[in-house]
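Understanding the architecture of this molecule
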Amino acid sequence: MAIDLQQMRNFCIIAHIDHGKSTLADRLLEQTGTVMGKDLQAQVLDSMDLERERGITIKSHPIRMMYDGADGRHYMLNLIDTPGHVDFHYEVSRSLAACEGALLVVDAVQGVQAQTINNLYLALEHDLAIIPVINKIDLPAARPDFVAEQFIDLIGCDPDEILMVSAKTGQGVPELLEAIVAQVPPPQGDPEAVPQGLIFDSIFDPYVGAVAYVRMFQGTICKGDRIRLFGHDQQFEVGEIGWFRLARMAEKSLSAGEVGYIATGAKDVRTVRVGDTVTLVDRPCSEPLPGYTVVKPMVFSGLYPVDNDQYDGLLEALQKLQLNDASLTWEKETSAALGFGFRCGFLGLLHMEIIQERLEREYDLNLIATLPNVEYELLLKTGETVLVENPALLPDEREIQEIREPIVLAEVITPKEFVGPVIQISLERRGVQRKMEYLDIERVKLDFDIPLSELVVDYYDKLKSVTKGYASLDYEYDRHQVDDLVRLNILINGDEVDALTCIVHRENAYSWGLKLCQKLKELIPRQMYAVAIQAAVGTRVLARTTVKPYRKNVTAKCYGGDITRKRKLLEKQKEGKKRMKQVGSVEIPQEAFLAVLKVER
Amino acid sequence: MTRIRQRGPAAGRERAAGLYIHVPFCASICSYCHFARTAEHDAGLRRRYVRAVVQELELRRRACPSLGSPGRRLATCYLGGGTPSVLEPDLMTELLAGTLGALPRTGDIEVTAEANPESLTTDLARSWRSAGINRVSVGIQSLDDRVLRLLGRSCDAGTARRALQTACREFPRVAADWILGPGMTRGRLLAELTEAVDLGVEHFSLYLLEIHPGTGMQQAVAAGRVVLPPDSEQEALYLAAREHLESFGVHQYEVANFAREGAESRHNRNYWRRMPYLGLGPGAHGFYGKLRYANPGLLQPYLRSLAAGELPAATLDPLDLRARRLERVILALRTVQGVPVAWLPAGFDPGPGRDQGLWRLADGRLQLTGRGFLRIDTIEEFLAGMVERARCG
């Protein structure tokens, strides 16, 4: 499409979850006539059921809009709808790097949240033009003036630069389109130079293989060209190239400034990495674009089929999900208690939840997920350093010189009345307060150093509950740090249940073991045997409880030869036991494997 | 007293069959009962019922020719209810002639009828004897007025005693039921059982009271009018009764059933052994090896179907291999012979249950102990879960 660079605008939308990003995107698509009539459903760009239901964006969804500006010119607007959640921090940063401007959208009721600030800083790092937008001004509880002041504090903008919008009613959207044209700078770059494009996302298409979502910074790439990816030093022939409407639109080429896609034919999405640079084999650029890293999983959990028959199904499902999700890692794992399964690595808690939910929902699997874990760095007495992400695989205490655990910088924004409880739950989880600052008269930003292992357990849920849902959280990996950590084993009827093993601070081991035993006692139903539950560090038993066996339980008279009733009853009870895993002679419900999540500190 | 000896294990086992006839009438409704029964009936209705059952047998026989084949012989018949003893003697004779009389039988057929104490008179007993009934099962429940009142039984202890005496005088084989529930104490129970043994009762069924939704008992318990003894007391009653009966040579042979050697209910034992049986009457169940059926429980729809010359619309329960395996395990588990270890699901470790005294392992079988019988539901549930997981199908 022959359009002058001066008439191109590449932008994204930054918003906290539920602040209306996807609805605003819908309005932009509608008002530019990009999506019409029957295609118009709520949250057009969120294609997964899960994205619509949870109101979150998981994958990037770029789309090109044509817009006739008030100045009579014809503009090409490329919107890159980005994932909004902290887990996808790196993906967000690459999407921002593909843009020249960002709409900073804040809910008129809720005001600025932690993710807003983090993504804003990220946008400022990339020198993006920021357009402040207050959304949902149609709501009765909207406080646009208050939020405007937050904006002014935050980015130092002029009050009249702030756009008042209702994505729901469409109010303020025409003004917003004009502001995009006026304030987002046009892309720079020479279409004739050596090609250099940034991969900001990738998907797997069963027909054309891995498809790279690309922002061209220099030069032109055509269909049939031989391309090279820097990160993996791989070469491909461009099978298809083009731009985005709701579907992919094939084109002959993609030039500097444009946003589009390149079908590589690669069989594995992991070779087409987000952040990598694409260039031509024959006319390569000398340097890749900055900012490329391979993201590493932060949170690990064992996934096991309740029914061993579903093992192959789980393997296949993980392989399929990985086609489209380069950040999901897994390896085969065997647990004495749970049988064959997989240790999976996730970017964060939301990522983990999403994967688990998709496995159960889209692939109809019945899973047991073990307690989320982190990657520990161990210095052994031999001087060797090893990484352990499964507590059950921690070597004997006598072999370990020191254990280092990942520490994150957590940033909490909360209304001031909850500062006390927020600090309390953070300290209870071994957090160290770093900073406290008032964002405005009502809201406070608190920074903590906190072990990721504590954060992944229940910190977010607790935070939401002590702040009545008002606090927001963002976190970022900082460092590994030595602490006095021990492995706490749980024994059921004398057998160690590897899936219940956890790593805790030595000082907390006793109270933790006691509470865990009590919680397990509540969660493991009575059975025909007495079930002894013990918590131990090494050979030292710290706590012990017993689930008493059933008492009198005789109901079946099979009177008059009615055997059916009894059998049907047993079959029905079996349905209810679907989430029970038999460990030795004890039936343990799925919730028990997450008992740690429910322990009160 | 004549005793019918137990037949040799091989004799006719393959070809024997049972017959169950459900008599849905009661003089009054006991507060704990949840079976198909009605207290509203008159002579006309009872007559129509008898004719309908006879008609049902004819229709079933037409639908399944092997039922009438001389190779398949009835070895047992059981009239349950409801209260079979509320049927007029001539109606009972007609009922048995039209059903039992129409099928090939073994020479030593066991024919049991349930009777409630107030209707078991000498006249009735003699009439039953001449109609072919050779075993009577009396719903005693207790020989104590207070306990009987708590259970909502209409008879008093005196009537119950007289009924036992009559039964033992008139019938070669007498069985009686007890309920271990509210008001029952250890001393009272053991004394009552001793009394019954002395009278000549050779077979006892001991039931722990079950509270079924929708019964008067459930309302009474919910309202606090009846207080159930704690589980531990009911357990102690069961174990004490078991030991007590054993001391008289009355052995346990099934979770709820106790009998002198050779006096076991052959009919009921065939249920645990998965022998075929025909069920007639409203709410009756039948079994053909791969299929179970249940007649509709309500009397009026049952009568209407048969009046129209049709079999009542029974609920069918076809058994696949998995269901059959599950059945044979849970049914064998009820008996003192127990379950052959080979039938148990792969991966089942019998060690912990043996160590905790729930069962013993003998002759390649897993046999529940008294404590184990008290937890049979839980044990069944556990084994059923394993049978399911093992996917033997």
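Residues numbered from 1 in each chain as written. Chains lettered and ligands numbered in written order. Predicted model: local features only at pLDDT ≥ 70, side-chain atom pairs only at ≥ 80, totals over all residues. Heavy atoms only, no water.

**Side note on the overall build of chain A**
A count of helices and strands for chain A gives 14 helices and 33 strands. Scored against the burial criterion, the 601 residues of chain A give a buried share of 59%. Of all intrachain contacts in chain A linking residues separated by at least 6 positions in sequence, the fraction that spans at least 24 positions is 70%. For chain A, the exposed area adds up to about 24,400 Å²; of that, 50% sits on carbon and sulfur atoms. (Helix = DSSP H or I, 4+ residues; strand = E, 2+ residues; numbered from the N terminus. Buried < 20%, exposed > 50% of the residue type's maximum accessible area, 1.4 Å probe, protein only. Contact = heavy atoms within 4.5 Å. Areas by Shrake-Rupley, 256 points an atom, 1.4 Å probe, with all protein chains shown as cover.)

**Thoughts on the nonpolar core**
B:Tyr49, B:Leu79, B:Trp178, B:Phe204 and B:Phe348 are the most contacted members of the largest nonpolar core, which totals 93 residues. Looking at this core, the element that brings in the most residues is helix α1 (residues 43-63) of chain B, giving 7 residues. Residue assignment places this core across two domains, with domain 1 (17-272) and domain 2 (320-393) of chain B each supplying three or more. Sequence-distant contacts of B:Phe204, defined by excluding residues within four places in its chain, comprise B:Ala176, B:Trp178, B:Leu193, B:Ala196, B:Val197, B:Leu245, B:Val250, B:Ala256, B:Asn257 and B:Phe258. Membership of the second largest hydrophobic core comes to 88 residues, among which are A:Leu338, A:Ile492, A:Val504 and A:Val537. (Core = buried A, V, L, I, M, F, W, Y, C linked by side-chain atoms within 4.5 Å. Domains from an automatic or database assignment.)

**Some remarks on the environment of A:Gln518**
For A:Gln518, the position within the fold is in helix α11 (residues 509-523). When the C-alpha positions of A:Gln518 and A:Val547 are compared, they lie 9.7 Å apart, and in sequence the two are 29 residues distant.

**Overview of the pairing of strand β14 (residues 359-362) of chain B**
Residue and element names in this part refer to chain B. In the sheet, β14 pairs with strand β15 (residues 365-368) via 4 bridges, with the strands oriented antiparallel. For Trp-359, the partnering residue across the bridge sits in β15 and is Leu-368. Taking the residues that link successive antiparallel strands as the turn, the β14-β15 hairpin has 2 residues, and the phi of Asp-363 there is positive, at about 50 degrees. (Pairing = 2+ DSSP bridges.)

**Some points on the interface of chain A and chain B**
With 34 residues of chain A at the contact, the number on the chain B side is 50 residues. Roughly 4,200 Å² is buried in total at the junction of chain A and chain B, and carbon and sulfur atoms are behind 55% of that figure. On the surface where chain A and chain B come into contact, there are 5 salt bridges. Between A:Lys568 and B:Asp317 there is a salt bridge; the shortest N-O distance is 3.6 Å. Here chain A and chain B share 7 residue pairs in polar contact (both at pLDDT 80 or more) between them. Sorting the residues of the side of chain A that touches chain B by element identifies α12 (563-576) and β32 (580-583) of chain A as the ones contributing at least two each. Looking at the side of chain A that touches chain B element by element, the count peaks at 10 residues for α12(A). A breakdown of the residues in the side of chain A that touches chain B according to their chemical character gives 11 nonpolar, 9 polar and 14 charged. (Buried area = accessible area lost by both parts, 1.4 Å probe. Salt bridge = Lys/Arg side-chain N within 4 Å of Asp/Glu carboxyl O. Polar contact = N/O pair within 3.5 Å; in protein donor to acceptor, adjacent residues only side chain to side chain. Nonpolar A, V, L, I, M, F, W, Y, C, P; charged D, E, K, R; others polar.)

**Some words on the sheet that holds β14(B)**
What the 3 strands build is an open sheet, ordered β13-β15-β14 (chain B); its pairing is antiparallel. Single-partner strands in this sheet number two, and they are β13 (339-340) and β14 of chain B.

**Quick notes on the packing of helix α2 (residues 89-98) of chain B against helix α3 (residues 122-131) of chain B**
Residues and elements named next belong to chain B. For the pair α2 and α3, the least separation of the axes is 9 Å and the interaxial angle reads 15 degrees. Between α2 and α3, the interaxial angle falls into the category roughly parallel. Our pair here, α2 against α3, has a crossing hand that is right-handed. Contacts between α2 and α3 involve Pro-89, Met-92, Thr-93 and Leu-96 from the former and Leu-124, Ser-127, Trp-128 and Ala-131 from the latter. The class makeup of the residues in the contact of α2 with α3 is 6 nonpolar, 2 polar and no charged. (Axes fitted to C-alpha atoms, helices over the stretch in contact; angles between N-to-C directions. Parallel < 35°, antiparallel > 145°, perpendicular 65-115°, else oblique. Left-handed = near helix turned anticlockwise from the far one by under 90°.)

**Things to note about the pattern of salt bridges**
Enumeration over the complete set of coordinates arrives at 55 salt bridges over all chains. Put simply, A:Arg343 and A:Glu333 hold a salt bridge, and the shortest N to O gap is 2.7 Å. Taken together, the residues span a long stretch of sequence, with A:Arg343 in strand β19 (residues 339-346) and A:Glu333 in strand β18 (residues 329-335) at a distance of 10 residues. Like A:Glu333, A:Arg343 is buried. For A:Arg506, the salt bridge goes to A:Glu397, with nearest N and O atoms at 2.9 Å. Of this pair, A:Arg506 sits in the loop between β29 (502-505) and α11 while A:Glu397 is found in the loop between β22 (385-388) and β23 (400-415), placing the two residues 109 residues apart along the sequence. Among the ionic contacts, a cluster of salt bridges with common partners joins A:Arg567, A:Lys568, A:Glu571, B:Arg274, B:Arg292, B:Asp317 and B:Glu327.

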